[in-house]
Amino acid sequence: IWLTFSTSQAADGVAETLPLPQDHLKVVAYDLMDQTDGHDELVHRTEWLAGANEYDVDVTAPILAYETLLMGEGVAFVRVAPLPHARVNPSAVDFTFDMRMRRLVIRDTGYPYVKLPYRGGAAGRTKALQDWQRSVRPYVSGRDGLFLSNTWGDRNCDTRINEEFLLGEVKAAAELGVEVVQVDDGWQSGKSANSAFADGKGVWNGYWAASPDFWVPDPKRFPNGLAAVTKAAAEKGIRFGLWFGPDSSNDAANWERDADWLLKLHRECGVDYYKLDSMKTTGALSLARQKSLFDKVLKESEGRIVIDMDVTAEKRPGYFGMMSAGPLFVENRYSDYKTYWPHLTLRALWSLAEVIDPVRLRMEVLNPLRNRDKYGDDPLAPAAYPAETLFAIVMPASPLGWFEVQNLDPATVAAWKPLVAAWKRERDAMASCNVIPVGARPDGLSWTGFVFMPREAGKPGYALLFRELNENASLDLASVFPALKHVEILAGQGSATTKAATVDCKRGFVWLKCDLSL
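Keep in mind the model is a prediction, meaning the values are calculated, not measured.

1. With respect to the overall build of the protein
So, step 1. In terms of helices and strands, the protein carries 12 helices and 26 strands.
So, step 2. The C-alpha atoms of the protein give a radius of gyration of 23 Å, which matches the 24 Å a tight globule of 518 residues would have.
So, step 3. By its C-alpha atoms, the protein is 70 × 60 × 45 Å across when sized along the principal axes.
So, step 4. Taking all 518 residues of the protein together, the buried fraction comes to 59%.
So, step 5. Across the protein, every contact between residues at least 6 apart in sequence was considered, and the portion connecting residues at least 24 apart equals 75%.
So, step 6. For the protein, the accessible area works out to roughly 19,900 Å², and carbon and sulfur atoms hold 51% of it.
So, step 7. Taking the average location of the 58 positive side-chain charges in the protein and that of its 67 negative ones, the two points are 2 Å from each other.

Structure (structure tokens):
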């Protein structure tokens, strides 16, 4: 049962006061980080054992839960809002635990919140949070969780964007199994601040004021219009996407103009997937207008448009501010600057999955052979991993191929292609499961991974387990699944029985399909 509450600036600053159980209690707070251009650690979890000697605890965080230690039953609370730093009042307290009076005070911050009762300890808490998010944006087969490529990850910026290049991307994408080809900044007539051709005159806001034709497809790059490329993609069964920057000037006053343009490109050119970047949430009015933009686009496209909300920079709606729009574009990582490390991608996904439905997360895999010289002989360098492991890391999420597909070498394509095909066959069944992080928090040296627990009896479960850089080749499966009837190996570099899983090589993985006794 999910209970939703709205707040309206109560005079005493209190939205609700709840009595706490008298049992031994654990209190857990999750402080999430966006603006990921400056953060690798995206989840900071704090726990208290609620004793009678504890002073009042004020918590400013989007998620908080209390749980009875002996029974593993609790309630999670989520503030349905941008993260605290992006709100109108960044310092407002969300929750106060009055330990001595055994009560929880939910503060009125002007944003709604939900209460999610759960049982089953930490795994039950994760299930409740994921199920609630799935109720806000249901998973649609063929629309959600697709393998999307984006041209920006190879750092050529907009220097190669034109019709001929994109036709090559479409051809290479079809060979690998990419389902959405997304063109980043550079398809439009206007020049952004990131354009290689801007000569210091590009803009990062106020696009309509810069030029009324800013978002018209560049006629020099696309003499036959975007539709020539989107048609070629459709003929190969590939969807098409674009980068777009909603105008944030004057509290997003041009929101309706932006929405109409996104819908025009959708209807006339077949653009279904948008990465929304450069957006700034400057206050309550801009947040309301941005929500109106998303609502209009989703309603008038009948849900066919998917919006990737970028959370890499600026003050934006973040993880819980616009949940119905689509997945979250989580990170910009580049091998050019040695900021792409596979174990950090795995760590970010593993940590976020505890509180975020993983299909909502667009997580990156890069071309592992670019910039090998910059990493030297580092054992955690991308090229040090079996190529299959890099794609396996992002299979619980919505995979982002952060590269120009036609730049991949044949050996990488040959390694990924059968794994991509196998993942597609199982994807809908995996998406019908709750995804529970298991093992140690990834650090490059641990045993770690995910289990996929079916929401319905009789359905299969899965385990995706990673042996990082350690000497232990085997993992006791009883610690992952308490009761197994049968295990089928789907991919990886190892073997498994109902008792144990083995991964033969360091930095490898094993992917299992499991019959469970539920």
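Picking up where we left off.
2. What about a nonpolar patch on the surface?
So, step 1. Taken together, the side chains of Leu49, Leu69, Leu70 and Met71 make up a nonpolar region of the molecular surface, amounting to roughly 460 Å² of accessible area.
So, step 2. For leucine 70, the location among the structural elements is in the loop between β6 (63-68) and β7 (73-79).

3. Observations regarding the sheet that holds strand β17 (residues 361-365)
So, step 1. Pairing is parallel around the closed barrel formed by eight strands, whose spatial order is β11-β12-β13-β14-β15-β16-β17-β18.
So, step 2. For strand β13 (residues 239-244) and strand β14 (residues 273-276), the ladder comprises four bridges, and the chain directions are parallel. Each residue of the ladder has a partner; that of tryptophan 243, found in β14, is lysine 275.

4. Some thoughts on the layout of surface pockets
So, step 1. Roughly 530 Å³ of volume is contained in the largest pocket.
So, step 2. In this structure, the largest pocket is lined by 29 residues; those nearest its centre are Val80, Tyr111, Pro112, Leu287 and Gly321.
So, step 3. When residues of the lining of the largest pocket are traced back to their parent elements, those giving at least two are α1 (121-136), α7 (284-300) and α8 (318-321).
So, step 4. Looking at the lining of the largest pocket element by element, the count peaks at six residues for α7.
So, step 5. By residue class, the composition of the lining of the largest pocket is 18 nonpolar, seven polar and four charged.
So, step 6. Residue lining of the second largest pocket: 17 residues in total, with Trp152, Asn194, Asp277, Asn332 and Tyr334 positioned closest to the centre.
So, step 7. Across the lining of the second largest pocket, the residue classes tally to five nonpolar, three polar and nine charged.

5. What about the nonpolar core?
It is characteristic of soluble globular proteins that their nonpolar side chains tend to be buried jointly.
So, step 1. Within the largest apolar cluster, 129 residues are counted, with the highest numbers of intra-cluster contacts made by Leu32, Trp187, Phe240, Phe391, Trp416, Phe450 and Trp511.
So, step 2. When residues in this core are grouped by element, the largest group, eight residues, is from helix α12 (residues 410-431).
So, step 3. When neighbours within four sequence positions are excluded, phenylalanine 240 is seen to be in contact with Leu166, Val180, Val181, Val183, Leu226, Val229, Thr230, Ala233, Gly270, Val271, Asp272 and Tyr273.
So, step 4. Core analysis: the second largest hydrophobic core is formed by 19 residues, Val27, Ala50, Ala61 and Leu64 among them.

6. Brief notes about the pattern of salt bridges
So, step 1. Using the criterion set out here, one finds 36 salt bridges in the structure.
So, step 2. Between arginine 79 and aspartate 94 there is a salt bridge, and its shortest N-O distance comes to 2.9 Å. One end of the pair, arginine 79, is in strand β7; the other, aspartate 94, is in the loop between β7 and β8 (95-98), with 15 residues separating them in the sequence.
So, step 3. For arginine 79, a relative accessible area of 0% translates into the label buried.
So, step 4. For aspartate 94, a relative accessible area of 0% corresponds to the buried category.
So, step 5. Two residues, lysine 513 and glutamate 426, come together in a salt bridge whose shortest N-O distance is 3.2 Å. Placement of lysine 513 in strand β26 (residues 508-516) and of glutamate 426 in helix α12 is noted, with a sequence separation of 87 residues between them.
So, step 6. For lysine 513, a relative accessible area of 23% puts it in the partly exposed group.
So, step 7. Three or more residues are tied together by salt bridges with common partners; here these are Asp260, Arg267, Lys296 and Glu300.

7. Structural notes on the packing of helix α6 (residues 255-269) against α7
So, step 1. The N-to-C vectors of α6 and α7 enclose an angle of 25 degrees; their axes lie 9 Å apart at closest approach. Between α6 and α7, the interaxial angle falls into the category roughly parallel. Between α6 and α7 lies a crossing whose hand is right-handed. In this structure, α6 uses Trp255, Glu256, Asp258, Ala259, Asp260, Leu262, Leu263 and Arg267 to contact α7, whose residues at the interface are Arg289, Ser292, Leu293, Lys296, Val297 and Glu300.

8. A look at unusual backbone geometry
Most of the time, phi is negative for any residue but glycine, and the peptide bond is trans.
So, step 1. For glutamine 35, which is not glycine, the phi torsion reads 45 degrees and is therefore positive.
So, step 2. Turning to its location among the elements, glutamine 35 is positioned in the loop between β3 (25-32) and β4 (43-49).
So, step 3. Residues other than glycine seldom take positive phi values, yet serine 278 does so here, at roughly 65 degrees.
So, step 4. By relative accessible area, serine 278 is classed as buried at 0%.

9. What to know about the packing of aromatic side chains
So, step 1. Counted under the stated rule, the structure contains 20 aromatic pairs.
So, step 2. When the ring of tyrosine 66 is compared with that of phenylalanine 77, the centres are 6.1 Å apart and the planes differ by 35 degrees; the resulting orientation is tilted. With tyrosine 66 in strand β6 and phenylalanine 77 in strand β7, this pair connects stretches of sequence that are 11 residues apart.
So, step 3. Where tryptophan 132 meets phenylalanine 320, the ring centres are 6.1 Å apart and the plane angle is 35 degrees; that geometry is what we call tilted. Of this pair, tryptophan 132 sits in helix α1 while phenylalanine 320 sits in helix α8, and the two are 188 residues apart along the sequence.
So, step 4. Judged by relative accessible area, which is 5%, tryptophan 132 ranks as buried.
So, step 5. Aromatic rings pair up to connect Trp187, Trp204, Tyr207, Phe214, Trp215, Trp243 and Phe244 into one cluster.
So, step 6. When the ring centre of phenylalanine 95 is taken as origin, the NZ or CZ atom of arginine 79, which lies over that ring, is 5.8 Å away.

What counts and what doesn't
Residues numbered from 1 in each chain as written. Predicted model: local features only at pLDDT ≥ 70, side-chain atom pairs only at ≥ 80, totals over all residues. Heavy atoms only, no water. Helix = DSSP H or I, 4+ residues; strand = E, 2+ residues; numbered from the N terminus. Rg over C-alpha atoms; globule rule 2.2 N^0.38 Å. Buried < 20%, exposed > 50% of the residue type's maximum accessible area, 1.4 Å probe, protein only. Contact = heavy atoms within 4.5 Å. Areas by Shrake-Rupley, 256 points an atom, 1.4 Å probe, with all protein chains shown as cover. Lys, Arg positive; Asp, Glu negative; His and termini not counted. Charge placed at Lys NZ, Arg CZ, Asp CG, Glu CD. Patch = residues over 30% accessible without salt bridge, like charges linked within 9 Å, V, L, I, M, F, W, Y side chains within 5 Å. Salt bridge = Lys/Arg side-chain N within 4 Å of Asp/Glu carboxyl O. Pairing = 2+ DSSP bridges. 1 Å grid on protein atoms, 1.4 Å probe; cavity = no way out; pocket = protein on both sides within 12 Å on 5 of 7 lines; lining within 4 Å. Points joined across faces, edges and corners; volume = space filled by probe spheres on them. Nonpolar A, V, L, I, M, F, W, Y, C, P; charged D, E, K, R; others polar. Core = buried A, V, L, I, M, F, W, Y, C linked by side-chain atoms within 4.5 Å. Axes fitted to C-alpha atoms, helices over the stretch in contact; angles between N-to-C directions. Parallel < 35°, antiparallel > 145°, perpendicular 65-115°, else oblique. Left-handed = near helix turned anticlockwise from the far one by under 90°. Phe/Tyr/Trp six-rings, centres within 6.5 Å; stacked < 30°, edge-to-face > 60°. Lys NZ or Arg CZ within 6 Å of the ring centre and 35° of its normal.

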